[in-house]
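Breakdown of the fold
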Amino acid sequence: MKSLLQNFTSELRADLLSAKAVPALAAGFTSGLGLLVAQVAFGSFIFSGPLASYSSQGVGLVLFGNFATCLIIALAGGYLGAIAGLSPALVIIMATIGFTMNAEGDALFVTTAVALIISAVATGACCLMIGYFRLANLVRFIPYPVAGGFVAGIGGAVCLAALSLMGTKPDWRAIPSLLEPSVLWKWSPGAAYGTALYLAMKRWNNPLILPVSVALAGAAYHFALATFGISGDAARAEGLLLSSTADRNLWPALFPADLAQVQWASMAEQLPHMLALMLVAFISVVMNFASLELAVNQELDWDREFRVTGVASVVSGLGGGTVATLVVPASLRSKLLGATTRLTGVIAALVIGGALFLGDGMLELVPAPLVGGILIFAGLGMLDQGLVASRRRLPYSDYGIILLIFIAITSFGMIEGVGVGMLATLVFFAVRLSRVDPIGSQFTARERESNKARPIPDRAILLEEGERVQAYQLRGYLFFGSVRPLADHLRQSLSGASRPPCLILDFSAVSGFDFSAVNVLSRFLQTAHTAGVQVVLSTLSKELQTGLEHNLPPAVYAELLVEPDADRALERCEDIVIAEWRDMADERRSSLLEHTVDDLERYLERQIDFENLLEELRPWLSPRQYAADEALVGPDAPQEGLQLLLSGRASGYDSAGTRLFQRGPGEAIWPAGAAEQRATSVIADDPCQAMVLPPAALDWLEQHEERLTLNLYRHLLAGRLQSESGAEQ
């Protein structure tokens, strides 16, 4: 900790003495002023209505949360120049907690404040856990339509709340009454200011626009009050100016003795709203990280950012503040102004902290319509981002999800909107996943052979009959939305007279499954059993195998063949096809013999050449016997050199245990580490007899017997080409 503080101190000292100092002071001061104005407006709205008599203390809660979060993220965050504050997305839910809290007097304020504090600590704890266990990659991909719907819905709710704060009823049935002179003068100044501020910021994007416009609007407002002879006390009595409600500094808003007034039963009733606040805060955190990465073209360590945000939220809550998150526009402005230094965020935090600790006298100068205007400004920005910008980028189906969530939030409320958003998330994923074809690849035993070495007649059988073996490599997550189309496709292969004798389902690329997948696959396997089709399952997980065992009749499950990989499954089906062909009529055998005569002649000639070669090499060869399952090549096998098989078969495997090839009589097996040896181990499938040519003998032959060595390599090369051509067939 001491070294960490020393690093921060030295880094800040270096920045103060660098060319970044002036831009950092300008960016930090202007961003701090803008945040200060917005946070005062947000706090005044959250603690309005039944909590209006505690608005100063409420503003103190918001400002401390902003101060603590901005300072910690500026010092420890991965992005230099990061600035944090209370997101408008959280304002409505916080206000809803206060408006619906079942308490009165001081207990109402204390219970509301404690609910917001607990939400901040809980949000921080969740972020800390995500960062500590490095789970950021699991949560960073929130569907854009869902996030856009939340942004748009909350933006609309913020605009309606602003109208309500300015003395109107935000109901579509009351729209005509908004134009009445007695009502128009209440909301039109704030709405006009908020709209003009939003358009100016969108047009020029200058950080000074917000604080300067607030100062000018406030001065004009006070000039108008003086012109009409309205004193400050009279204006506050009429609700035209904010009132100070604290008899001390804005912070701390609560003291330990105040906790005795918490009504825990009333707080328990607010648990759905508190969970909604945590959810929206979490969505805001994820969206801000992603937006900042895109805006500054810089990869962030999300696990680190979650840890820093978690610490900031916990400190904010324990210190008596609300949750706050990264502010992307202000953070991006640091880069645009050349102020990418921790000093920028520190200065912004100090501006807010100065207002926080100097007291609440400044609140008495803030015009009430100005607060509504700031809310209008924030709401319009969210509406633009969620509804307008999204329409140009998204198809109608995705944009429809945004509209659905927007309507739910603005029409029914935040909790209902969160519920619709969660449902939309599930539907969104289900629809997207159901569009992914669960069949990654499809092939036949004619298009791909197993690695088992087969005699020429068997290879000819597979060349002619292999088309009847259907193999499917499945992929992705198998669930109710994707498994039914898969089962329908598989059932079509069973219909008609040309049904396959064998069918392979390879699950090596399947990431998971649900019960619906097990149920539908079980019904398909029963259909295949009834049709007389042998099904071979490869790379089956224990969970899926157990599920099939519990859902299939014992007789059907007993007929299933389960293999560890696709190569073994293909070998099983090849054996079935070959055995079935051998039971056919004699005329089919005669036809096969005609097709294989030339191949058999070449095979016999090669065997004769192999025997002649062995006779010439005999002085340098030594015999070697292997039992079944004994290693010819591998960690436990002696490195004896090149081995020429006389009888038996041996298979080569990689480090994962997948069979790569099978060798038979007349073929060679190289020692481990040789360029020609792809396998890490070679195991005898049955008793094998081999002749070993030691490395020293091979070196001597290369130097003294060029003709014999050339014949040896020619034989080995011909064998490799023959095996590769067989695999391609």
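Each chain has its residues counted from 1, running along the sequence as written. Selection of residues for local features in this predicted model requires a pLDDT of at least 70, selection of side-chain atom pairs for listing and counting requires 80 or more, and totals for whole chains, interfaces and linings are taken over all residues. The basis for every side-chain value is the complete set of non-hydrogen atoms in the structure, without hydrogens or water.

1. What to know about the overall build of the protein
- Numbered from the N terminus, helices here are DSSP runs of H or I no shorter than four residues, and strands are runs of E no shorter than two. Each helix and strand in the protein was counted, giving 27 helices and 15 strands.
- It only takes one pair of heavy atoms within 4.5 Å for two residues to be counted as in contact. The long-range share in the protein, meaning contacts at least 24 apart out of those at least 6 apart in sequence, stands at 81%.
- When the accessible surface of the protein is summed, it comes to about 33800 Å², and 61% of that surface belongs to carbon and sulfur atoms. We get accessible surface area from the Shrake-Rupley algorithm with a probe of 1.4 Å; when it comes to residues, only the shown protein chains can shield them.

2. Some thoughts on the sheet that holds strand β5 (residues 502-513)
- The strand order across the open sheet formed by five strands is β3-β4-β5-β6-β7, and the pairing between neighbours is mixed. Where the open sheet ends on each side, the last strands, each with one partner, are β3 (439-444) and β7 (561-563). Sheet twist, expressed as the average angle between the axes of neighbouring strands with direction ignored, equals 20°.
- Here, any two strands with at least 2 DSSP bridges between them count as paired. When strand β4 (residues 470-478) meets β5, the two strands line up parallel, connected through eight bridges. Across the sheet, residue Gln473 finds its bridge partner in β5, namely Asp506.
- The strands that helix α20 (residues 480-494) touches are β3, β4 and β5; relative to β4, the one it contacts most, it runs at about 170°. In this analysis, axes come from line fits to C-alpha atoms, helices being fitted only over the stretch in contact, and the angle between any two N-to-C directions falls in the range 0 to 180 degrees.

3. Some thoughts on helix α24 (residues 566-582)
- For α24, built from 17 residues, the straight-helix expectation of 24 Å at 1.5 Å per residue is met to within 8% by its first-to-last C-alpha distance of 24 Å.
- Where α24 starts, the residue carrying a side-chain oxygen 3.1 Å from the main-chain nitrogen of Asp567 turns out to be Asp565. Take the residue count of a helix, subtract one, and multiply by 1.5 Å to get its expected span. Polar contact is defined as a pair of N or O atoms within 3.5 Å, subject to the rule that within protein one atom must be able to donate a hydrogen and the other to accept it, and that residues adjacent in sequence are counted only when both atoms are side-chain atoms.

4. So, the nonpolar core
- Nine residue types can take part in a nonpolar core, namely buried Ala, Val, Leu, Ile, Met, Phe, Trp, Tyr and Cys, and a core is a set of them joined through side-chain atoms within 4.5 Å. A simple rule labels every residue: compare its accessible area, found with a 1.4 Å probe on the protein chains alone, to the largest value its type can have, and call it buried under 20%, exposed over 50%, or partly exposed in between. In this structure, Leu86, Leu90, Met94, Phe109, Leu197 and Ile374 are the most contacted members of the largest nonpolar core, which totals 89 residues.
- Broken down by element, this core gets its largest block of residues, twelve residues, from helix α7 (residues 144-165).
- Filtering out sequence-adjacent residues up to four positions away, Phe109 remains in contact with Phe47, Leu51, Tyr54, Gln57, Gly58, Leu61, Ala253 and Leu254.

5. A short note on the state of the cysteines
- In this description, the term disulfide denotes a pair of cysteine sulfurs within 2.5 Å. Under the defined criterion, the tally for this structure stands at one disulfide.
- Sulfur-sulfur distance for the disulfide between Cys502 and Cys573 comes to 2.0 Å. The chirality of the disulfide connecting Cys502 with Cys573 is left-handed, given an S-S dihedral of about -50°. Here Cys502 is found in strand β5, whereas its partner Cys573 is found in helix α24, with 71 residues between them in sequence. Cys573 carries the same exposure label as Cys502, and that label is buried.

6. Quick notes on unusual backbone geometry
- At Arg134, a position not held by glycine, the phi torsion is positive, near 55°.
- You can see Arg134 is positioned in the loop between α5 (105-132) and α6 (136-139).
- With phi around 50°, Thr539 is a residue other than glycine that occupies positive phi space.
- Here Thr539 shows up in the loop between β6 (534-538) and α22 (542-551).

7. Concerning the pattern of salt bridges
- Any carboxyl oxygen of Asp or Glu that lies within 4 Å of a side-chain nitrogen of Lys or Arg is treated as forming a salt bridge with it. Going through the model one piece at a time under the given rule, you end up with twelve salt bridges.
- As a salt-bridge pair, Arg659 and Glu571 come within 2.6 Å of each other at their nearest N and O atoms. Of this pair, Arg659 sits in strand β12 (residues 659-663) while Glu571 sits in helix α24, and the two are 88 residues apart along the sequence. When sorted by exposure, Arg659 lands in the same class as Glu571, which is buried.
- Taken together, the shared-partner salt bridges in this structure form one network comprising Lys452, Asp567, Arg568, Glu571 and Arg659.

8. Let's talk about the confidence of the model for the protein
- For the protein, the mean per-residue pLDDT works out to 81, and 88% of the residues sit at or above 70.
- Each residue gets a pLDDT score, which is the predictor's confidence in that residue and runs from 0 to 100. Per-residue pLDDT stays below 50 along residues 725-729; that stretch engages in nine contacts with residues further than four places along the chain or on separate chains.

9. Considering the environment of Leu51
- Tracing the chain through its elements places Leu51 in the loop between α2 (21-46) and α3 (55-76).
- What makes Leu51 buried here is its relative accessible area of 0%.
- Sequence separation between Leu51 and Asp106 is 55 residues; the distance between their C-alpha atoms is 9.4 Å.
- For Leu51, the contacting residues outside a window of four places in its chain are Ile46, Gly98, Leu108, Phe109 and Thr112.

10. Remarks on the packing of aromatic side chains
- Under the pairing criterion, centres of Phe, Tyr and Trp rings, with the six-membered ring standing for Trp, must be within 6.5 Å; the plane angle then separates stacked pairs below 30 degrees from edge-to-face pairs above 60, leaving the rest tilted. Within the structure shown, the criterion is met by ten aromatic pairs.
- Each residue in the set Phe282, Phe289, Trp302 and Phe306 is aromatic and connected to the rest through ring pairs, giving one cluster.
- Note on geometry: a ring has a charge over it if NZ (lysine) or CZ (arginine) is within 6 Å of the ring centre and within 35 degrees of the ring normal. Directly above the ring of Phe443 sits Arg448, whose terminal nitrogen or CZ lies 3.7 Å from the centroid.
- Across from the ring centre of Phe661, 4.1 Å away, lies the NZ or CZ of Arg663, which sits over that ring.

11. Observations regarding the sheet that holds strand β10 (residues 642-647)
- Pairing within the open sheet is antiparallel, and its four strands lie in the order β8-β15-β10-β13. The sheet is open, and its two edges are formed by β8 (622-626) and β13 (668-669), each paired on a single side.
- In terms of strand pairing, β10 meets strand β15 (residues 688-693) through five bridges, oriented antiparallel. Bridge assignment links Ser647 to a residue of β15, and that residue is Gln689.

12. Points about α20
- Spanning 15 residues, α20 covers 22 Å between terminal C-alpha atoms, matching the ideal 21 Å at 1.5 Å per step.
- Considered for burial, the residues of α20 that qualify are Gly481, Ser482, Val483, Leu486, Ala487, Leu490, Ser493 and Leu494.

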